[in-house]
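Structure at a glance
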Amino acid sequence: MSSYADVNVVWAGTSPASGRFHPAEIKSTAAELFDRFGELRSRGEGYREVRMPDQDFPLLTVGFRGEYAVIHRADAPDSMSLLQGGNSMPIDEAVEVPVMDDPVDFTGDFVSSVDHACRTLQEFVRTSE
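Residues numbered from 1 in each chain as written. Predicted model: local features only at pLDDT ≥ 70, side-chain atom pairs only at ≥ 80, totals over all residues. Heavy atoms only, no water.

1. As for helix 1 (residues 30-43)
Put simply, the test is: Where helices and strands are cited, they refer to DSSP runs of H or I of at least four residues and of E of at least two residues respectively, numbered from the N terminus. Here, expected helix span is obtained from the residue count minus one, scaled by 1.5 Å. Burial here depends on accessible area, computed with a 1.4 Å probe over protein chains only, as a share of the maximum for the residue type. Under 20% is buried, over 50% is exposed, and the range in between is partly exposed.
The end-to-end C-alpha separation of helix 1 is 20 Å, in line with the 20 Å expected for 14 residues at 1.5 Å each. Along helix 1, the residues that are buried comprise Ala-30, Ala-31, Leu-33, Phe-34, Phe-37 and Leu-40. Looking at the residues trailing helix 1, positive phi occurs at Gly-44, about 100 degrees.

Written out as structure tokens, the structure is:
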């Protein structure tokens, strides 16, 4: 993802080495963020929080397990929203994905594919929206 080599982001999330949430924020290029996301994806699950370096909000979070992901967006300290899923699974079924270190169940109306979540994260990094 060389087009992201000059874009900086701040992120925290699951460590590919330990599989545990690491809350310390890392400032890196977006290309490094997506490389790390790929490492987590090869492990089969993970969690990321991403924001732009010059602002605390908006903040995007992505938790995923297998091919299913859930995306949250925070616009302020007390304002967190779940993004609608992409019809990846029936709305009356549930999937468990990590949020920080905790497994959390989400119904299908908020579940998207990991590919969709990655594209959403790429768009967020590109536009800050």
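There's plenty left to go through after this.
2. Quick word on the nonpolar core
Counted only if it meets this: To define a nonpolar core, start from buried Ala, Val, Leu, Ile, Met, Phe, Trp, Tyr and Cys residues and group those joined through side-chain atoms within 4.5 Å. Any pair of residues with heavy atoms lying within 4.5 Å of one another is described as a contacting pair.
The biggest cluster of nonpolar side chains holds 22 residues, and the ones touching the most others in it are Val-9, Leu-33, Phe-34, Phe-37, Val-50, Leu-121 and Val-125. For this core, the secondary structure elements donating two or more residues are strand 1 (8-14), helix 1, strand 4 (59-65), strand 5 (68-76) and helix 2 (114-127). Residues contacting Val-125, with those up to four places away along its chain left out, are Tyr-4, Val-7, Val-9, Ala-30, Leu-33, Phe-34, Val-50 and Met-52. One finds Val-70, Met-89, Val-95 and Val-97 within the second-largest nonpolar core, a separate group that totals six residues.

3. So, unusual backbone geometry
That bond from Phe-57 to Pro-58 is cis: its omega, 0 degrees, falls within 30 degrees of zero. As for its placement among the helices and strands, Pro-58 is situated in the loop between strand 3 (45-51) and strand 4. Non-glycine residue Asn-87 carries a positive phi angle of around 60 degrees. Phi angles above zero are rare outside glycine, and Met-100 is one such case at about 60 degrees. Residue placement: Met-100 occurs in the loop between strand 7 (94-99) and strand 8 (102-107). The exposure class assigned to Met-100 is partly exposed, which follows from its relative accessible area of 40%.

4. Quick notes on the pattern of salt bridges
Definition in use: Only one rule defines a salt bridge in this text: a Lys or Arg side-chain nitrogen within 4 Å of an Asp or Glu carboxyl oxygen.
In the structure shown here, the tally under the stated rule is nine salt bridges. One connected set of salt bridges, linked through shared partners, spans Glu-25, Arg-51 and Asp-56.

5. Some details on the pairing of strand 3
As a reminder of what qualifies: For two strands to be treated as a pair, DSSP must find no fewer than two bridges joining them.
With six of seven residues buried, strand 3 lies mostly within the body of the structure. Note that strand 1 and strand 3 share four bridges and pair antiparallel. Opposite Gly-13, over in strand 3, you have Arg-48 as the bridge partner. Sheet analysis places strand 3 next to strand 4, joined by seven bridges and oriented antiparallel. Note that in strand 4 the partner of Glu-49 across the bridge is Thr-61.

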